[in-house]
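# Coordinate analysis (summary)
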Amino acid sequence: MESSVEIMVVDDTPANLEVISETLSSAGYRVAAAISGERALKRLKTHPPALILLDIQMPGLDGFETCRQIKANPESNHIPIIFITARSDTESILHGFEVGAVDYISKPFQEAELLARVNTHLQLRHVNQLYALEREKAEQLEQLNQQLSLTQFSVDHSVDGILWITPNMSFAYANDSMCEMLGYSRAELLQLSVSALKSSFNDSEWQIFQAQVKEQQRLRLEAQILTKDGQELPVDVSLNYLQFSDGEYYVAHCRDIRDRKLAEEKLQQSNERLRITNQDLIRATQFKDEFLASMSHELRTPLNAVLGFSQLMQRDQSMSADNHEMLQIINRNGEHLLALINDILEMSKIEAGKIVLKPTTVDFPKFLDDLHNLFKGKAEAKHLELTVLYPPEMPRYIQVDVVKLRQILLNLMGNALKFTQQGQISLHTKILDTAPDLSPTAVHLQFMISDTGTGIKPGELESIFHPFIQSEDGKHAHQGTGLGLPISCKFAQLMGGNIQVQSIWGKGSTFYCDILVEASANDAQAEDSSSQHYQTMQGFSDSQTSYRLLVVDDNVDNRALLTHMLSIPSFEVRTAVSGSQAVDINESWHPHLICMDISMPEMSGLEATRRIRRSNSTPKIIAITANAFADDRQAALAAGCDDFIAKPFTEVTIFKRIAKLLDLEFTTESALSIPTQDHWDPSNLQEAQIQSDFSAMPTAWQEHVQQSIRTLDEQSLRTLLKDVPAEHHAMVDAISRLLKDYRYDILMSLLKMES
């Protein structure tokens, strides 16, 4: 035996250990001696022997227990154990085999017998090890065969075509899918080469492919291969390099991509149609924008002259009451037409995504009070109770786009007034919560507008927020365009909220509008949201200075309107009918300020402005145009204009802008404070004059007039006015006009009556 084989001898008698060890050593074995079972078990953990000779009778652990523990350990249970003992009774021998021994040697022993038995069991152990190894190999081979079978099945039945290609371009294997894909039998296909499937593929290209695949281990590409009937088949090819059984192969996985190519072609066609459609939509949108801009210009230009001159004519105090009433009708209908135009343009800008917020600081309680005053007269005229409430903790100053908020509330309150014939209308404002996620100063406001009107039918609750859609009552009223609610809803959404409605048919409606605003502690920039006062411009306080103003407009009516408006002391006004003429006059006359129309033939107002800005003169330039889109304003400012005014405009607007640009303070002749939002016409008289005429009348007459105003008795009031002498006709005219528009609130304020 080889000297590397180690045998452990376990015996508590040193003499026996010495004899057995010497016998085994002389036979060429390495011997490890252990004087007890405990020591034997300890050594086994680090130096397991090839065979163990074990005595039975030992103190502590005897041979039986030592054997049992060795066989119970998976790491040592394979070591053969031979009991060597003086006990020769049958019971001990049988018990030794029961606990795991393979043989039994009685003491005293013969050396030859000991060596023979040790050698035999070592050979048996070796044979068992070889058998176990072969069995393990057989199991591994069986598993490998199963895996190969599964792999072969998967390859043969793969939906992808698989080809094994040799370095000389011939085929070594093809699966069923590849054969079916190309229309060949396997035998036919294996007789072909790569050039049969791709006629344009030559040896040099194949060598390049081989080098790329070897370097990258995998190459993926799309190709067209020829089928048996000569058709080109689009395939996605994944090419891999493989060494197998001392051979080199290039394994090609081919996937039929005809369906994918067809889908890609359809997608490309669809994308092309979408591209064309999108271009058509862009052109249509541009055409619509151009059309709306053109219509805005064409409609606003004559409206500017109509409204402007009607305002100027109201300065004439000698005009009869009938003529004043006709002027009032012209103004009211002109402003109604302007409101319709504005609604349509506003909806167009919303659809184009061109609406932006322009927040300013607003005195919020005053804003709500002004709103209440605006609707108070109309509500009283219809004998309706109107309440506007807000909590005391409401922030006084807020940052909000006041123009859009005013339009929302005017639409909702106006609808409530229009569809309510009896009962009440209320506007309640409350704070829902703050919005710390957005800003520490953000506040969530809700406006609740309730009425006791006709209500809305259940089937109409959703449609009323669609453009140009009106409820049945709205259609019967023959008022509006159906744009007020959609515009208001879009504005609310733009301000971080929305508008919702609850309505009971025949009992009334409640609209809820919530928006996000910013609380502001600074009132320095707070805008006055109150109604504008109509004023007649008389001049300005610095009467020592004369200012040159140039009016540029190709429209004769609008040119005349501005000329009349600006004809006040210390203003020298000239006109130009074109942009080129404006450039020439500017060079020679050097005006302080130019009112520049934008849309003019030949040279536009923008081009004229750019040329003037390139000259040495530096006049202030106000762009005045009937185009009212935000883009027009931006274009005007970019060209060098200092301000922008959309037609039609009021006299107050023009003079305010001029005063700001020239740093002037105008003196005015005050008129009645009549809100522009509700389209009331201005009085030409000073309040003091009306009050003086009123005081000149008999006391009894004054008391009857005041009583008629308190009781809203229009018929009695008109009868009393017939008794007024002719020298007070101006007072009669002013009261008549206010009476016609149900402005009892202004009459009470004008005549200093208690509410």
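For the structure itself, look to the data block above.
The paragraphs below set out a description of the structure included in this document. Since the structure is predicted, the reported quantities are computational estimates derived from the model, not experimental observations.

### Description of the pairing of strand E19 (residues 547-552)
Burial runs high along E19: 5 of the 6 residues are buried. Where E19 meets strand E20 (residues 571-576), 6 bridges bridge the pair, whose relative direction is parallel. Counted as the bridge partner of Arg 548 is Glu 572 from E20. Once the chain exits E19 it traverses helix H16 (residues 556-565) before rejoining the sheet at E20, and the crossover so formed is right-handed.

### Here we look at the sheet that holds strand E9 (residues 232-244)
Ordered by their spatial adjacency, 5 strands build an open sheet running E7-E6-E10-E9-E8, and the pairing between neighbours is antiparallel. This sheet does not close on itself; its edge strands, each paired only once, are strand E7 (171-174) and strand E8 (218-226). The mean angle between the axes of side-by-side strands here comes to 30°, regardless of whether they run parallel or antiparallel.

### Quick word on unusual backbone geometry
Here the amide bond leading from Lys 107 into Pro 108 is cis, since omega sits at -10°, within 30 degrees of zero. On the secondary structure map, Pro 108 appears in the loop between strand E5 (103-106) and helix H5 (111-156). Unusually for a residue other than glycine, Met 169 sits at a positive phi of about 75°. Relative to the helices and strands, Met 169 is located in the loop between strand E6 (161-165) and E7. Positive phi is not limited to glycine here, since His 383 has a value of about 60°. Within the element layout of this structure, His 383 appears in the loop between helix H12 (364-381) and strand E12 (385-389).

### Things to note about helix H20 (residues 651-662)
Taking 1.5 Å per residue as the helical rise, H20 with its 12 residues ought to reach 16 Å, and the 16 Å between its terminal C-alpha atoms agrees with that figure. All buried positions along H20 are accounted for by Glu 651, Val 652, Ile 654, Phe 655, Ile 658, Ala 659, Leu 661 and Leu 662. Remark: Asp 663 follows H20 within two positions and exhibits a positive phi of approximately 55°.

### Some points on the nonpolar core
Counting 41 residues, the largest nonpolar core has Phe 364, Leu 445, Phe 447 and Ile 515 as the members making the most contacts within it. Residue contributions to this core peak at 8 residues, all from helix H13 (residues 402-418). When sequence neighbours within four positions are dropped, the list of residues in contact with Phe 364 reads Met 394, Pro 395, Arg 396, Ile 398, Leu 405, Thr 429, Leu 445 and Phe 447. Formed by 26 residues, the second largest nonpolar core is a distinct cluster that contains Met 178, Cys 179, Val 194 and Tyr 250.

### Overview of the side chain of Asp 236
Its location among the elements puts Asp 236 in strand E9. If sequence neighbours within four positions are ignored, Asp 236 has contacts with Arg 220, Leu 221, Glu 222, His 253, Cys 254, Arg 255 and Ile 257.

### Quick word on the pattern of salt bridges
Here the idea is simple: oppositely charged side chains can pair when their charged atoms come close. Evaluated as defined, the whole model comprises 29 salt bridges. Here Arg 43 makes a salt bridge to Glu 6, at a shortest N to O gap of 3.7 Å. Residue Arg 43 is found in helix H2 (residues 37-44), and its partner Glu 6 is found in strand E1 (residues 6-10); the two are separated by 37 residues along the sequence. Here Arg 43 falls in the partly exposed class, since its relative accessible area comes to 30%. Here Lys 261 makes a salt bridge to Glu 222, at a shortest N to O gap of 2.9 Å. In this pair, Lys 261 is assigned in helix H10 (residues 258-313) and Glu 222 in strand E8, connecting sequence segments 39 residues apart. It is possible to trace a salt-bridge network through shared partners that takes in Glu 222, Arg 260, Lys 261 and Glu 264.

### Observations regarding the environment of Ser 320
For Ser 320, the position within the fold is in the loop between H10 and helix H11 (321-351). Residues Ser 320 and His 729, 409 residues apart in the sequence, show an inter-C-alpha distance of 8.5 Å.

### A word on the packing of helix H17 (residues 579-589) against helix H18 (residues 605-613)
Running from amino to carboxyl end, H17 crosses H18 at an angle of 20°, the nearest separation of the two axes being 8 Å. Taken together, H17 and H18 sit at an angle that is classed as roughly parallel. Crossing of H17 over H18 shows right-handed handedness. Together, Gly 579, Val 583 and Asn 586 of H17 and Ala 608, Arg 611 and Ile 612 of H18 make up the contact between the two elements. Its residues assigned to classes, the contact of H17 with H18 shows 3 nonpolar, 2 polar and 1 charged.

Procedures and definitions
- Residues numbered from 1 in each chain as written.
- Predicted model: local features only at pLDDT ≥ 70, side-chain atom pairs only at ≥ 80, totals over all residues.
- Heavy atoms only, no water.
- Buried < 20%, exposed > 50% of the residue type's maximum accessible area, 1.4 Å probe, protein only.
- Helix = DSSP H or I, 4+ residues; strand = E, 2+ residues; numbered from the N terminus.
- Pairing = 2+ DSSP bridges.
- Right-handed = clockwise from strand over helix to strand, strands pointing away.
- Axes fitted to C-alpha atoms, helices over the stretch in contact; angles between N-to-C directions.
- Expected span 1.5 Å × (residues − 1).
- Core = buried A, V, L, I, M, F, W, Y, C linked by side-chain atoms within 4.5 Å.
- Contact = heavy atoms within 4.5 Å.
- Salt bridge = Lys/Arg side-chain N within 4 Å of Asp/Glu carboxyl O.
- Parallel < 35°, antiparallel > 145°, perpendicular 65-115°, else oblique.
- Left-handed = near helix turned anticlockwise from the far one by under 90°.
- Nonpolar A, V, L, I, M, F, W, Y, C, P; charged D, E, K, R; others polar.

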